[in-house]
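# Topology and contacts: notes
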Amino acid sequence: MPPRSTSDIRAAYLDFFQREGHAIVPSASLLPENDPTTLFTGSGMQPMLPYLLGERHPLGSRITDSQKCFRSQDIEEVGDNRHTTYFEMLGNWALGDYFKKEQIPWMFTFLTETLGLDPQRIFVTVFGGNADVPRDDEAVSVWQETLKKAGINADVIDNAERDGMQNGRIFYYDDTKNWWSRTGAPATMPLGEPGGPDSEMFWDFGEQHELHQKSQWKDQPCHVNCD
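The residue numbering used here restarts from 1 in each chain and proceeds along that chain's sequence as written. The model is predicted, so local features are restricted to residues of pLDDT at least 70 and side-chain atom pairs to those at 80 or more, both for listing and for counting; the totals for chains, interfaces and linings are taken over all residues. In computing side-chain properties, one takes all heavy atoms of the structure into account and sets aside hydrogens as well as water.

## Remarks on the packing of helix H3 (residues 100-114) against helix H4 (residues 137-149)
Structural elements are reduced to axes, namely lines fitted to C-alpha atoms, with helices fitted over the stretch in contact, and the angle between N-to-C directions of any two is expressed from 0 to 180 degrees. Only runs of H or I of at least four residues qualify as helices and only runs of E of at least two qualify as strands under DSSP, and these elements are numbered from the N terminus. Contact geometry of H3 with H4 gives a least axis separation of 10 Å together with a crossing angle of 40 degrees. In terms of their interaxial angle, H3 and H4 are classed as oblique. H4 is crossed by H3, and the crossing has right-handed handedness. Contact with H3, carried on its side by Lys 100, Lys 101, Ile 104, Pro 105 and Phe 108, involves Glu 138, Ala 139, Val 142, Trp 143, Thr 146 and Leu 147 of H4 and no other residues of that element. With respect to orientation, any angle under 35 degrees is reported as roughly parallel, any angle over 145 as roughly antiparallel, any angle of 65 to 115 as roughly perpendicular, and every other angle as oblique. Take the far helix as your reference; a near helix turned counterclockwise from it by less than a right angle gives a left-handed crossing, and one turned clockwise gives a right-handed crossing. Note on definitions: a residue-residue contact is assigned when non-hydrogen atoms from the two residues lie within 4.5 Å.

Here's what the structure looks like:
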């Protein structure tokens, strides 16, 4: 049986990456150590920051964890379908080790085989490029190969925000959507802050979003990464 409870899913994730050579590290404190920039640990990457910037981790270059987080900067949005104040972030960290060709198939395998999710209901977004960083065609290629093995022909769409999903499976978005850093898009990142393009996975619940027709976005197409 696939894991169902929170503790089962956490254990399954850590076990999965331990089998792939990752050392399991405990969650850091909610009160950050040696980081005066924030009152609380607000993301999984925060305790990893020294190692992302080049410091060697004592347990090696492959790390996995479940980090407890507390967020208050978006507290006014808590209570909708995706914002919470206290939560855990599952993470696996390649500190100068592997990259997309390993990570994407691993995550797809974890979701579809370990958790037993239907691959037909998983959709993917990737970085569409900006003036300084080209769009992430490599991630698209790895995703297409991975999805093809699951019997899914993954069409790529680059204008979903304007025209909707168009029966696509992989979608390009700009750096306001598919960019990973503590401080958001590149324009808000301080000098030396780690971050960059990301790829994200979305689950289709198969429900019509009736509230969409009553919202401020009712005249805009609904797509994978819409509000």
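## Observations concerning the packing of aromatic side chains
The way to describe two aromatic rings as a pair is by their centre distance and the angle between their planes. Pairing of aromatic rings covers Phe, Tyr and the six-membered ring of Trp, with a centre-to-centre limit of 6.5 Å; geometry is then stacked below 30 degrees between planes, edge-to-face above 60, and tilted otherwise. For the structure on display, the rule yields nine aromatic pairs. With a centroid separation of 4.9 Å and 50 degrees between ring planes, the pair formed by Tyr 13 and Phe 17 is classed as tilted. Of this pair, Tyr 13 and Phe 17 both sit in helix H1 (residues 6-19), four residues apart, which is roughly one turn of that helix. Here Tyr 13 falls in the buried class, since its relative accessible area comes to 4%. With relative accessibility at 0%, the residue Phe 17 sits in the buried group. When the ring of Phe 16 is compared with that of Phe 110, the centres are 5.7 Å apart and the planes differ by 70 degrees; the resulting orientation is edge-to-face. With Phe 16 in helix H1 and Phe 110 in helix H3, this pair connects stretches of sequence that are 94 residues apart. Think of it in three bands: with a 1.4 Å probe and only protein chains considered, a residue is buried below 20% of the maximum accessible area for its type, exposed above 50%, and partly exposed in between. Classification of Phe 110 as buried rests on a relative accessible area of 2%. In this structure an aromatic cluster arises from ring pairing among Tyr 13, Phe 16, Phe 17, Tyr 98, Trp 106 and Phe 110.

## Digging into a nonpolar patch on the surface
The residues that make up patches have over 30% relative accessible area and no salt bridge, and they are joined within 9 Å when like-charged or within 5 Å when they are Val, Leu, Ile, Met, Phe, Trp or Tyr. Exposure was quantified through the Shrake-Rupley algorithm and a 1.4 Å probe, taking into account, for residues, occlusion by the shown protein chains and nothing else. Salt bridges are defined by distance alone: a side-chain nitrogen of Lys or Arg within 4 Å of a carboxyl oxygen of Asp or Glu. Together, Leu 31, Leu 39 and Phe 40 make up a nonpolar patch on the protein surface, roughly 320 Å² of accessible area in all. Among the secondary structure elements, Phe 40 is positioned in the loop between strand E1 (23-24) and helix H2 (49-52).

## A short note on the pairing of strand E4 (residues 122-127)
Working note: regular strand, side chains alternate between the two faces of the sheet. The buried fraction of E4 is high, at six of six residues. The pairing of E4 with strand E9 (residues 200-203) spans four bridges and is antiparallel. If you follow Ile 122 over to E9, its bridge partner there is Trp 203. Each pair of strands is called paired provided DSSP finds at least two bridges between the two strands.

## Observations concerning unusual backbone geometry
A positive phi angle, near 55 degrees, is found at Gln 166, a position not held by glycine. Position of Gln 166 relative to the elements: it lies in the loop between helix H5 (160-163) and strand E6 (170-173).

## Regarding H3
Between its first and last C-alpha atoms H3 spans 20 Å; for 15 residues at 1.5 Å apiece the expected length is 21 Å, and the two agree. Along H3, the positions that sit buried rather than exposed are Lys 100, Ile 104, Trp 106, Met 107, Phe 108, Phe 110, Leu 111 and Thr 112. On its buried side, H3 packs onto H1, strand E2 (62-70), strand E3 (86-94), E4, H4 and E9. Gly 116 occupies a position one or two residues after H3 and carries a positive phi of about 75 degrees. In a helix, the anticipated span is given by 1.5 Å times the number of residues less one.

Taken by themselves, the reported measurements are silent on function.
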